[in-house]
Amino acid sequence: MKRPRDNASAVESPQFTAFVPYSGNSAAERTVAELAGSALVGKIYLLNPGIGPLPFKGCAPLAVKSPDAGATMRRIAAKTTTPYALLVLHDVAIEFGRFALERIAWVARATKAGMMYSDYLELRGSVPVPHPLIDCQEGSIRDDFDFGSVVALESSALRRAVKETGNSRHAGFYSLRLAIGRGKGIFRIAETLYTRSEPDTRPGGAKVFDYVDSRNRAVQLEMEKAATVHLKKIGAYLKPVRASVDLDEGKFPVTASVIIPVRNRAGTIGDAVASALSQQASFAFNVIVVDNHSTDGTTDILRTLASQDPRLLHIVPSRTDLGIGGCWNEAVHNPSCGRFAAQLDSDDLYLDESTLRRIVDRFHTDRCAMVVGTYRLTDLHLREIPPGVIDHREWTAGNGPNNALRVNGFGAPRAFFTPVLRRVKLPNVSYGEDYAVGLAVSRRYPVGRIYEPIYLCRRWEGNTDADPGIAEMNLNNWYKDKVRTIEIRARRLGSAK
């Protein structure tokens, strides 16, 4: 049912040309009815990929092959005859709050931003739940940044930006919003201005692997191209030249150390330590476990294991303010640390006894400062779970350090040439510390890759990222975007030289 027009809207001329995706369900009809109820909305176009005649009135069809294509963005710009385009990003039912469109127009005029988006309410069943978003900052160049389901685009900024969207089928909106960010900027309205149905009901922990799904490879190549163009335009692109690494630098008691930070993992720490100690290699290695003041029996387990094998070094730091990154720093700066420091999380396992040897061999083959392997996702009982093998093939020798800014991680296990890691150091946080140091190392030095599985990442309800809530996801995403902002600024200032 079309809602009554707000009296305050009736006195204003249309501010928005609206564009709504349509895939044949009833969500678009409800969204169109909402838009038609406001005098601020002029023409309403249905982005229709050719699904027969439209079953409802109040809008005009706009035939497009894909809502995200560059050609679609150009058609939207050409059809926008008002100060702003209002683009609905998902085929979900939208209910706008009272005076929500007036508020968007008011903020747009006040800020002169090229693009606006807002927080919203999300229906869980019939219950509306607040869904706050985060500000789009300089480092927010990942292609899965959450703008919600409604964005407003200032028409002149839109027309300038579409010239840079190219002919991509999948990266049109991504290219568009990067271009607008380089120009008039993107502004978040920290208010819940609409209610939507939930488009993706999977747990948050499951969604983080979408970008490494091989079925999305064509999409990822287009996204990579758009991100690379963006980095070149802002002066943060890195050419494929890295400083050489002298792997003979310094003296070390052993060739390699397996680093395991842990807090309260009594159920899994024994398996992790056993996996590390079972490694077969022609070189000497040890295992350094930094026990971050566990209270569940982990400490007693580690004391017993350390008394049974002198290769296991059990460290309880004197500091009580350490995150995972701080625990890594404790291990790496310990005099017992080896020439190469290899990751093993306290609830994960190496695939077999050859993992550490393969990592060290890769350092010598590629003369690199960092090695990243491939892992297989399993449950706690080592049964493979979707999406299975995560190999991060979006990394390439020529463009890996640039594309790494677009995605959310490097992969696992990660290993480092210890002299480099002692210089770079990890931030003292418990999320994103590995990503931050990976970006910093790859800015200066070559990175070696192993594309066959050598690591088992066990997913269970106790994992820190198994199913984070909205607030935790926002905090995690904000931090990684901040890390990207730091890295982009460093690259623009020439810190890579």
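Note that this is a predicted model, so its numbers are computed, not measured. (Residues numbered from 1 in each chain as written. Predicted model: local features only at pLDDT ≥ 70, side-chain atom pairs only at ≥ 80, totals over all residues. Heavy atoms only, no water.)

Participant: What exactly am I supposed to notice about the overall build of the protein here?
Facilitator: Assigned secondary structure in the protein consists of 16 helices and 18 strands. In summary, the protein has a C-alpha radius of gyration of 25 Å against a globular reference of 23 Å for 497 residues, a match within 12%. Burial statistics for the protein: of 497 residues in total, 55% are counted as buried. Relative to all contacts within the protein whose residues are 6 or more apart in sequence, the contacts with residues 24 or more apart total 81%. Within the structure as shown, the protein displays about 21,300 Å² of accessible surface, and the carbon and sulfur contribution to it stands at 52%. Of the charged side chains in the protein, 65 are positive and 54 negative; the average position of the first set lies 9 Å away from that of the second. (Helix = DSSP H or I, 4+ residues; strand = E, 2+ residues; numbered from the N terminus. Rg over C-alpha atoms; globule rule 2.2 N^0.38 Å. Buried < 20%, exposed > 50% of the residue type's maximum accessible area, 1.4 Å probe, protein only. Contact = heavy atoms within 4.5 Å. Areas by Shrake-Rupley, 256 points an atom, 1.4 Å probe, with all protein chains shown as cover. Lys, Arg positive; Asp, Glu negative; His and termini not counted. Charge placed at Lys NZ, Arg CZ, Asp CG, Glu CD.)

Participant: What exactly am I supposed to notice about the packing of helix H15 (residues 433-444) against helix H16 (residues 470-492) here?
Facilitator: Relative orientation and spacing of two packed helices are given, respectively, by the angle between their axes and the distance between those axes. Where H15 contacts H16, the two axes come as close as 10 Å, and the packing angle between them is 15°. With respect to H16, the axis of H15 lies roughly parallel. For the pair H15 and H16, the crossing hand works out as right-handed. Contacts between H15 and H16 involve Tyr435, Ala436, Leu439, Ala440, Ser442 and Arg443 from the former and Lys480, Val483, Arg484, Glu487, Ala490 and Arg491 from the latter. A per-class count over the contact of H15 with H16 returns six nonpolar, one polar and five charged. (Axes fitted to C-alpha atoms, helices over the stretch in contact; angles between N-to-C directions. Parallel < 35°, antiparallel > 145°, perpendicular 65-115°, else oblique. Left-handed = near helix turned anticlockwise from the far one by under 90°. Nonpolar A, V, L, I, M, F, W, Y, C, P; charged D, E, K, R; others polar.)

Participant: It is not clear to me how the packing of aromatic side chains should be interpreted in this structure. Could you clarify?
Facilitator: Geometry of an aromatic ring pair is reported as the spacing of the ring centres plus the angle between the planes. Applying the stated criterion to the full structure yields 15 aromatic pairs. Judged by centre distance (5.0 Å) and plane angle (90°), the rings of Tyr117 and Phe147 are edge-to-face. Note that Tyr117 is positioned in strand E6 (residues 115-124) and Phe147 in the loop between strand E7 (127-131) and strand E8 (150-154), a separation of 30 residues in sequence. For the pair shown, Tyr117 and Phe147 are each scored as buried. Among the aromatic residues, those joined into a ring-pair cluster are Tyr117, Phe145, Phe147 and Phe173. (Phe/Tyr/Trp six-rings, centres within 6.5 Å; stacked < 30°, edge-to-face > 60°.)

Participant: Before we go on, may I ask you to explain the pattern of salt bridges in this structure?
Facilitator: Oppositely charged side chains are able to pair whenever their charged atoms sit close together. The tally for this structure, following the rule as stated, stands at 29 salt bridges. Notably, a salt bridge pairs Arg362 with Asp366, separated by 3.5 Å at the nearest N-O pair. With Arg362 and Asp366 both in helix H12 (residues 355-366) and four residues apart, the pair spans about one turn of that helix. Three or more residues joined by partner-sharing salt bridges are found here, namely Arg142, Asp144, Asp481 and Arg484. (Salt bridge = Lys/Arg side-chain N within 4 Å of Asp/Glu carboxyl O.)

Participant: Looking at this structure, I do not really get the side chain of Thr165. What am I missing?
Facilitator: Tracing the sequence through the fold places Thr165 in the loop between helix H5 (155-161) and helix H6 (172-182). There is a polar contact of 3.1 Å between the side chain of Thr165 and the side chain of Arg74. Only 2.9 Å separates the side chain of Thr165 from the backbone oxygen of Val162, close enough to count as a polar contact. Leave out the neighbours within four places in its chain, and Thr165 touches Gly70, Met73, Arg74, Gly172, Ser175 and Leu176. (Polar contact = N/O pair within 3.5 Å; in protein donor to acceptor, adjacent residues only side chain to side chain.)

Participant: Is there a simple way to think about the side chain of Gln279 in this case?
Facilitator: Position of Gln279 among the secondary structure elements: in the loop between helix H9 (269-277) and strand E11 (285-291). On the accessibility criterion, Gln279 (3% relative accessible area) is buried. Among the polar contacts listed, one links the side chain of Gln279 to the backbone oxygen of Ser275, at a separation of 3.1 Å. At 3.1 Å, the side chain of Gln279 forms a polar contact with the backbone nitrogen of Thr355. Apart from the residues lying within four places of it in its own chain, the contact partners of Gln279 are Phe285, Tyr350, Asp352, Glu353, Ser354, Thr355 and Leu356.

Participant: Sorry, what's going on with H16 here?
Facilitator: Helical periodicity: at 3.6 residues per turn, an α-helix aligns residues three or four positions apart in one direction. In this model H16 runs 32 Å from its N-terminal to its C-terminal C-alpha over 23 residues, within 8% of the 33 Å that 1.5 Å per residue would give. Directly beyond the C-terminal end of H16, a positive phi value near 85° is found at Gly494. (Expected span 1.5 Å × (residues − 1).)

Participant: Explain the pairing of strand E15 (residues 370-378) here, please?
Facilitator: It is a general feature of regular strands that their side chains alternate between the two faces of the sheet. Burial analysis of E15 places eight of its nine residues in the buried class, the great majority of the element. In terms of strand pairing, E15 meets strand E17 (residues 414-417) through three bridges, oriented antiparallel. When the sheet's bridge partners are listed, Val371 is paired in E17 with Ala415. The turn joining E15 and strand E16 (residues 384-390), which pair antiparallel and follow one another in sequence, is formed by five residues; a positive phi near 70° is taken by Leu382. (Pairing = 2+ DSSP bridges.)

Participant: Sorry if this is basic, but what is going on with the packing of H9 against helix H10 (residues 298-308) here?
Facilitator: With their axes 10 Å apart at the nearest point, H9 and H10 run at an angle of 30° to one another. Between H9 and H10, the angle is such that the two are roughly parallel. For the element pair H9 and H10, the recorded crossing hand is right-handed. Facing Ile269, Gly270 and Val273 of H9, the residues of H10 in contact are Thr298, Ile301, Leu302 and Leu305.

Participant: What is the right way to look at unusual backbone geometry in this model?
Facilitator: Working note: non-glycine residues mostly have negative phi, and peptide bonds are mostly trans. Residues Pro386 and Pro387 are joined by a peptide bond in cis, for which omega reads 0°. Looking at the secondary structure, you find Pro387 in strand E16. Going from Ala412 to Pro413, the amide bond is cis rather than trans, its omega being -5°. Although it is not a glycine, Lys112 sits at a positive phi angle of roughly 60°. Mapped onto the fold, Lys112 is located in the loop between helix H4 (100-111) and E6. Looking at Lys112, the relative accessible area reads 59%, which means it is exposed.

Participant: Is there a simple way to explain the nonpolar core in this structure?
Facilitator: The tendency in soluble globular proteins is for nonpolar side chains to be buried side by side. Of all hydrophobic cores here, the largest spans 79 residues; its most connected members are Ile260 and Val289. With residues up to four places along the chain from it excluded, the contact list for Ile260 reads Ile269, Ala272, Val273, Ala276, Val287, Ile288, Val289, Val290, Leu344, Asp345 and Ser346. Formed by 62 residues, the second largest nonpolar core is a distinct cluster that contains Cys59, Ile104, Leu133 and Leu176. (Core = buried A, V, L, I, M, F, W, Y, C linked by side-chain atoms within 4.5 Å.)

Participant: Help me out: how do you make sense of the confidence of the model for the protein in this one?
Facilitator: The predicted coordinates should not be examined in detail at positions where pLDDT is low. A residue-level look at the protein finds 92% of positions with pLDDT of 70 or above and a mean pLDDT of 92. When the criterion is pLDDT under 50, residues 202-211 qualifies, and its contacts beyond four places in sequence or with other chains add up to 24 contacts. (pLDDT = per-residue confidence, 0-100.)

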